[in-house]
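Close look at the chain arrangement
One letter stands for each residue in the lines below.
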Amino acid sequence: MTSRADRINRQRLEKLEGLYDRGVNPYPHRYRCSHTTEQAIALLKQIEENPTEEKAVEVSVAGRIMSHRPMGKVAFLDLRDGSGKIQIYCHRNILSEDSLKLLKKDLDIGDIVGASGKPVRTRSGEASIEVKELTMLAKSLQPLPEKWHGLSDIDTRYRQRYLDLIANTEARDIFLKRSQIITAIRQFLNQRGFIEAETPVLQPSAGGALAQPFITHQHALSRDLYLRIALELYLKRLIIGGFDRVYELGRIFRNEGLSTKHNPEFTMLETYQAYADYNDVMNMLEEMVCQVSRQVLGTDTVKFGDNTISFKPPWQRIELRQAIIEHAGIDFEEHPDAGSLRAKMAARGMEVDPEKGRGRLIDELLSTFVEPHLVQPTFLLHHPVDMSPLAKLKPDNEHLVERFEAFAGGMEIANAFTELNDPLEQRKRFIEQQKSRQAEGEIEEAVDEDFLLALEYGMPPTGGLGVGIDRLVMLLTGQTSIRQVILFPQLKEKSTRDKGERQES
RNA sequence: GGGCCGCUAGCUCAACUGGCAGAGCAGCUGACUCUUAAUCAGCAGGUUACAGGUUCGAUUCCUGUGCGGCUCACCA
């Protein structure tokens, strides 16, 4: 049986054999490029503007053959590298003999080649290289996706991201921007005297958030370890150690559901600034996002779905309590315990999990009724202490903390507070949290004594911030699924078992 | 985990109510000295995701499985 795929593959293998037979290495070790395709085009323009300059200049470029237009004695190929694309013009009378053979007999779309020759403009005005030497740099044995429609099968795009990057320039742009966004964030923080830190990914207890962790095992010490679910507790240790401004941009792992807004591993920025409070952090965040947007996109206004979002400060500031009253019609201050709030929510026709504590119920109100409405950048302020075990109380209200969450495009993008630095109060909060987790039937976690010990040495007043980088990238690139901004998102394992069984039988 | 939708050539997609599975790109052969989604002539390429069922006949209807998407739940 020969399927089309087998046949294409076989033909390419035959071409590969042919190359070896003629003593041509289809996978040479290196190639000297004098220019990227972008630079070669710039050079051509320069030559055109200064016709007095040396005309015999030659360049060599390298890249992947993206299309092939043979025209009898001439042929046009499109060559793409990391910087862009240039047309290469092959004329029978100009090409070397070996290059001509290569072009006629061995070349496929998808091959990676080097081309050297003179930068020229063709009659139709296309910047090109008139090639003398064409060199095979890597023979491709697989056909590329369709050239006009690109690769649209979403599963293939994620599983074989390299094909997505080759075939879909939009995908390339997204990841290019992602890189630029992260660079811009680093610049912003570095300029303000922040120090970048690297803290453990493998932790003896996964603290700093309430998500389910991934568990792994260390053989050498025969103990279980957790993949971190937040950066918080280690960065605070650095504040205690005297680094007054620290940040980490790192991968964190949460063993929870997948959705268009959740991937089990994602990138988080956390910053901690000594002697600052949540107001300072709020100002910094809106400035940072606005500046990053301007730097990367050249604008502080982006299109997201049907909306246009402006990151220009100041962002709207709303009391969390007011936002929930407005959108859900429930005032959680009137319901100081979980039972009462649950009854109120049930009375509104909501299905309520009887195990959830008050903090989680309020969070449910927030994400169900309020979050979808927060399209323009908005700070929600002053969360109940029940849902904020690491934040400092407001001086004038013993139920609320100095905290904000930032939303945009209907997504939470950041979370920040004035950090709790009272070690005795922190211990109390941890124990309360442990109790309520028990009540909610979740895995019980030990109190992080090592962190409490650190706090006991004294942590200065500190403003802390966490930003979901993937979601920020979504906003700035107009993507509505987190998988489109993560190069290799988590997917279900592709099962080959049934296939194998069939082949055996 | 639940609901809805999808899976046809390497890729992008057709195929009316159940009646011979079809294009374009990519590939192969040939023509062509400026093309750029090159063009023209020809060739080849299919386990219609998989396993069953109904039927004279299934890509089409039914059941199950796999994979995926969306969505709900879960997720401070």
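Residues numbered from 1 in each chain as written. Chains lettered and ligands numbered in written order. Predicted model: local features only at pLDDT ≥ 70, side-chain atom pairs only at ≥ 80, totals over all residues. Heavy atoms only, no water.

The next thing to look at is the pairing of strand β19 (residues 411–418). In terms of burial, β19 is a largely internal element, six of the eight residues being buried. Sheet analysis places strand β18 (residues 403–408) next to β19, joined by six bridges and oriented antiparallel. In the strand pairing of β19, Phe 407 is matched with Glu 412. Hairpin geometry of β18 and β19 is characterised by an intervening segment of two residues between the two adjacent antiparallel strands and by a positive phi of about 60° at Gly 409. Relative to strand β20 (residues 462–468), β19 is paired through five bridges, and the arrangement is antiparallel. (Buried < 20%, exposed > 50% of the residue type's maximum accessible area, 1.4 Å probe, protein only. Helix = DSSP H or I, 4+ residues; strand = E, 2+ residues; numbered from the N terminus. Pairing = 2+ DSSP bridges.)

What follows covers the environment of Asn 168. As for its placement among the helices and strands, Asn 168 is situated in the loop between α5 (161–167) and α6 (169–191). With 24 residues separating them along the chain, Asn 168 and Arg 192 place their C-alpha atoms 37 Å apart. The residues touching Asn 168, leaving out its near neighbours within four places in the chain, are Gly 150, Leu 151, Arg 157 and Leu 163. Of note is the side chain of Asn 168, whose polar atom sits 2.9 Å from the backbone oxygen of Leu 151. (Contact = heavy atoms within 4.5 Å. Polar contact = N/O pair within 3.5 Å; in protein donor to acceptor, adjacent residues only side chain to side chain.)

On to the packing of aromatic side chains. Summed over the entire model, instances satisfying the criterion amount to five aromatic pairs. Ring geometry for Phe 311 and Trp 315: centres 6.4 Å apart, planes at 50°, overall tilted. On the basis of relative accessible area, Phe 311 is assigned to the buried category, the value being 0%. Pairing Trp 315 with Phe 379 gives two aromatic rings, centres 5.2 Å apart and planes at 25°, and the pair type is stacked. Taken together, the residues span a long stretch of sequence, with Trp 315 in the loop between β13 (307–310) and β14 (316–319) and Phe 379 in strand β15 (residues 378–381) at a distance of 64 residues. The residues Trp 315 and Phe 379 share a single accessibility class, namely buried. Positioned above the aromatic ring of Tyr 234, the side-chain terminus of Arg 237 is 4.3 Å from the ring centre. (Phe/Tyr/Trp six-rings, centres within 6.5 Å; stacked < 30°, edge-to-face > 60°. Lys NZ or Arg CZ within 6 Å of the ring centre and 35° of its normal.)

This paragraph deals with the side chain of Glu 425. Mapped onto the fold, Glu 425 is located in helix α12 (residues 423–439). Given the relative accessible area of 19%, Glu 425 is considered buried.

A separate point is the sheet that holds strand β9 (residues 223–227). Pairing in this open sheet of three strands is antiparallel, and the strands run β7-β9-β8 from one edge to the other. Since the sheet does not close on itself, it has two edges, and those belong to β7 (202–203) and β8 (215–218), each with one partner. Pairing between β8 and β9: four bridges, direction antiparallel. For His 217, the partnering residue across the bridge sits in β9 and is Asp 224.

To continue, consider unusual backbone geometry. Following Pro 313, the chain continues into Pro 314 via a peptide bond in cis, with omega recorded as -5°. For Pro 314, the location among the structural elements is in the loop between β13 and β14. Its identity is not glycine, yet Ser 222 carries a phi of approximately 35°, on the positive side. Topologically, Ser 222 is positioned in the loop between β8 and β9. Residue Ser 222 is classed as exposed on the basis of its relative accessible area, which comes to 56%. The phi dihedral of Tyr 275 is positive, around 70°, even though this residue is not glycine.

Before going further, it helps to spend a moment on the sheet that holds strand β3 (residues 85–91). Ordered by their spatial adjacency, five strands build a closed barrel running β1-β2-β3-β5-β4, and the pairing between neighbours is mixed. Ignoring strand direction, the axes of neighbouring strands in this sheet form an average angle of 55°. Relative to strand β2 (residues 74–80), strand β1 (residues 59–71) runs antiparallel, the two sharing seven bridges. Counterpart to Pro 70 in the pairing with β2 is Ala 75. (Axes fitted to C-alpha atoms, helices over the stretch in contact; angles between N-to-C directions.)

Further remarks concern the pairing of β9. The two faces of the sheet receive side chains in turn, since in a regular strand these alternate between them. Strand direction decides the pairing type here: β7 and β9, joined by two bridges, are antiparallel. Its bridge partner being in β9, Gln 203 is matched across the sheet by Tyr 226. Hairpin connection between β8 and β9: a loop of four residues separates the two successive antiparallel strands, and Ser 222 in this loop has a positive phi of roughly 35°.

Moving on: the nonpolar core. Core analysis: the largest hydrophobic core is formed by 47 residues, its most contacted members being Leu 285 and Phe 404. Here this core gets ten residues from one element, more than from any other, and that element is helix α8 (residues 278–297). When sequence neighbours within four positions are dropped, the list of residues in contact with Leu 285 reads Trp 315, Phe 379, Phe 404, Ala 406, Ala 414, Leu 465 and Val 467. Of all hydrophobic cores here, the second largest spans 23 residues; its members include Ile 47, Leu 95, Val 131 and Met 136. (Core = buried A, V, L, I, M, F, W, Y, C linked by side-chain atoms within 4.5 Å.)

Turning our attention to helix α11 (residues 358–370). Its 13 residues give α11 an end-to-end C-alpha distance of 17 Å, which sits within 8% of 18 Å, the value for a rise of 1.5 Å per residue. All of the buried residues in α11 are Arg 358, Gly 359, Leu 361, Ile 362, Glu 364, Leu 365, Leu 366 and Val 370. (Expected span 1.5 Å × (residues − 1).)

It is worth spelling out the packing of helix α7 (residues 232–240) against helix α13 (residues 449–456) at this point. One can describe the packing of α7 onto α13 by two numbers: an axis separation of 10 Å at closest approach and a directional angle of 25°. Classified by the angle between their axes, α7 and α13 sit roughly parallel to one another. With respect to the hand of their crossing, α7 and α13 are arranged in left-handed fashion. Across the interface between the two elements, Leu 233, Lys 236, Arg 237 and Ile 240 from α7 touch Asp 450, Phe 451, Ala 454 and Leu 455 from α13. Among the residues making up the contact of α7 with α13, the classes are represented as five nonpolar, no polar and three charged. (Parallel < 35°, antiparallel > 145°, perpendicular 65-115°, else oblique. Left-handed = near helix turned anticlockwise from the far one by under 90°. Nonpolar A, V, L, I, M, F, W, Y, C, P; charged D, E, K, R; others polar.)

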